[in-house]
Every structure is written in structure tokens, then in C-alpha cells.
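# Structural overview for review
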Amino acid sequence: MRESWRQQFAESPDVLLGASRRRTLVPVRDFFVGGDEFAVMAGPCSVETESQLMATAHHVRQAGARVLRGGAFKPRSSPYAFQGLGREGLKLLGRAREATGLAVVTEVMSEVDVALVAEYADILQIGSRNMENYALLEAAARSGRPILLKRGMVATIADFLRSAQVILDNGNRNVILCERGIRTFETAMRNTFDAAGIALLKQVTHLPVVADPSHAAGARELVPALARIGMAAGADGAIVEVHPDPDQAWSDGEQSLDFAAFDAMMNALEPWMEWRAAELNVEKLEQHELAGLRLAGAAQ
Ligand code: PEP
Ligand code: MN
């Protein structure tokens, strides 16, 4: 690793890739995030109704998603917008999980809700607005659930990695980093997708990284391209908003894909999966790391 990066990220020593540190594989139900499979997490921005969630869950599963996303506790920019169904939303996620076998990722916004959300979620999501809420990070880490940590919208990579370090410091190594776009001078898109940030994270940290093309773009037309860019930059997966009828969605409809558009996105990713397997061969990386570990062992 470049010396300048080592210095810049010196406050997050345990998240940095080292000669003898293997890449972290985060166990989620029956697979790993960070392994050879590109992990697609898909579902509505917010859990709205049983029929909305069930239809979406069944659809994204048959299209190849492994994780169902859906917010029950919603951080909204407007205090007057829908704030989520709370516990009822979690129960619906639990039912969809049962019915489809998908794992569930859902946001926790407050320390007091960690135990409740952890009852229903396979992965706890920490939202962009809470990335630097260390009290929440500590409580979420101690739940023992894997954590999907979203990059703050004005967070540098160093800030982002410091937050990941807080989770590791609290006894939880199962952290998935999520690039969801950052604020820049550009206003034509909701945020600016930092694909270079994904490539950099894959260079400097052993943690898996997923792309969120939906919140980065803010416009459904751009989501498939950003998903492909994320994969090409080295992401281990993508988290994508999907809704049966995006124009009627209670939140983030303008960036949500309908079922046909999600299928088209998955089909368009397919050829890149082969490229990914060949170019970013996870097996090869693991062999390389294992070889490194064997050398380190032999040297002792
Ligand atoms: C979300 O995933 O719906 C969400 C609110 O994301 P972010 O925290 O990245 O804005
Ligand atoms: Mn959203």
C-alpha cells in the first residue's frame, strides 16, 4: 500500500489490508459477502405494505438477489415525509424472509432500537446520516450482526474507515462498506457516485464493499450503468431500490427500478460477472493470500 494512504488511514489500523491479513468474508445466511459471488441486495426504499414487500421479495429472488432490502425506520430529509412503519415493517420483513429464504438488510437509526431490529435483520444497515454516530455504531456492533455501513454523504474515505474501525473496536469484524454517493457541486444527480473510492477501498481494506447506485444517482435511468461501474471498480455487490410501482412509492420512487428494469439490470450485469470472475478472481486472491499466510507461517 502507498505510504501516503497508510498515513492517511493510520487511525483505522484494523481495517487496512496487510501482508498477512486475509480479506474478510461476511457470513450472511447461506453465503458470504466478499466471496466469489456478486451479492445483489434489492427491495424497496421503505417497507409499505405486505403485498408490496412480498411481491418485490419474490421477484428479486427469482432474478438472482440474495438479500432483501427495505427500510422500516427511515431517515428522511423532510420531517413531514413518511418515517417508516417501524416494528410493523420489521415483522413484514421477517415474513418475507421466511417466505423467500432471502436474508434481510434494514436500517437501524437509534441505539434503543438495535435489539429490536437485530431480531429481524440478518444485516444491520447504518445510514449515511448516521455514519459518524459512534454511540449507534458501538451498539450495533455489539449486537453481533453483520453491519452494512453506508458512507456519509460528506465523509472522506478516512472518515469512513474510522467509523468501520469503531465497529471492529467493539468486537465485530463483519463490516460491509457501502459507497452511496457523496455531495459535490454537481446537482443533476442526487449525489456523485465515487467509483474511484470503491477501487481505492478495495486497495486499502480487507472489508467487502458494495455499491448503492440508487442513492448515488437519484434517477432510475442511471442505476444499471452505475451498478456495472461499481462492479467494474471491484465492488463485491450492489444494493438497489426496486418497487412494484415506483411512481407510487412512499419514498425514493424516482430512483427505484420496476421489476422489468431490475431484470434488465441483472441481465446487463451478467456478462460482467464473467469478466469479474476472470479479472477480479476471488479464488486467485484467496490463493495469493493463503500463499502469503503460508510464507508468514514458514518464516516463524
Ligand atoms: C436508504 O438506503 O434507503 C437510505 C436512506 O440510504 P442513505 O442512508 O444512503 O441515504
Ligand atoms: Mn432510499
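First things first, this report covers the structure right here in the doc. (Residues numbered from 1 in each chain as written. Chains lettered and ligands numbered in written order. Predicted model: local features only at pLDDT ≥ 70, side-chain atom pairs only at ≥ 80, totals over all residues. Heavy atoms only, no water.)

All told, the structure shown has 2 aromatic pairs when counted by the stated rule. Between F82 and W250 the ring centres are 5.0 Å apart and the planes differ by 90°, which places this aromatic pair in the edge-to-face class. Highlighted residues: F82 in the loop between β4 (67-69) and α3 (87-100) and W250 in the loop between β10 (237-241) and α10 (259-279), separated in sequence by 168 residues. Judged by its relative accessible area of 23%, F82 falls in the partly exposed class. Of the residues examined, W250 reaches a relative accessible area of 41% and is grouped as partly exposed. Where W272 meets W275, the ring centres are 6.2 Å apart and the plane angle is 65°; that geometry is what we call edge-to-face. Taken together, the residues W272 and W275, both in helix α10 and 3 residues apart, mark about one turn of the helix. On the basis of relative accessibility, which here comes to 33%, the residue W275 falls in the partly exposed class. Against the face of W5 rests R2, its NZ or CZ located 5.4 Å from the ring centre. (Phe/Tyr/Trp six-rings, centres within 6.5 Å; stacked < 30°, edge-to-face > 60°. Helix = DSSP H or I, 4+ residues; strand = E, 2+ residues; numbered from the N terminus. Buried < 20%, exposed > 50% of the residue type's maximum accessible area, 1.4 Å probe, protein only. Lys NZ or Arg CZ within 6 Å of the ring centre and 35° of its normal.)

Next up on the list: the pattern of salt bridges. Taken as a whole and assessed by the stated rule, the structure comprises 16 salt bridges. We note a salt bridge from D159 to R162, for which the minimum N-O separation is 2.6 Å. Here R162 and D159 lie together in helix α6 (residues 157-169), a separation of 3 residues that amounts to about one turn. Look at R162 and you get partly exposed, because its relative accessible area is 25%. (Salt bridge = Lys/Arg side-chain N within 4 Å of Asp/Glu carboxyl O.)

Everything listed is a geometric property; what it means functionally is a separate question.
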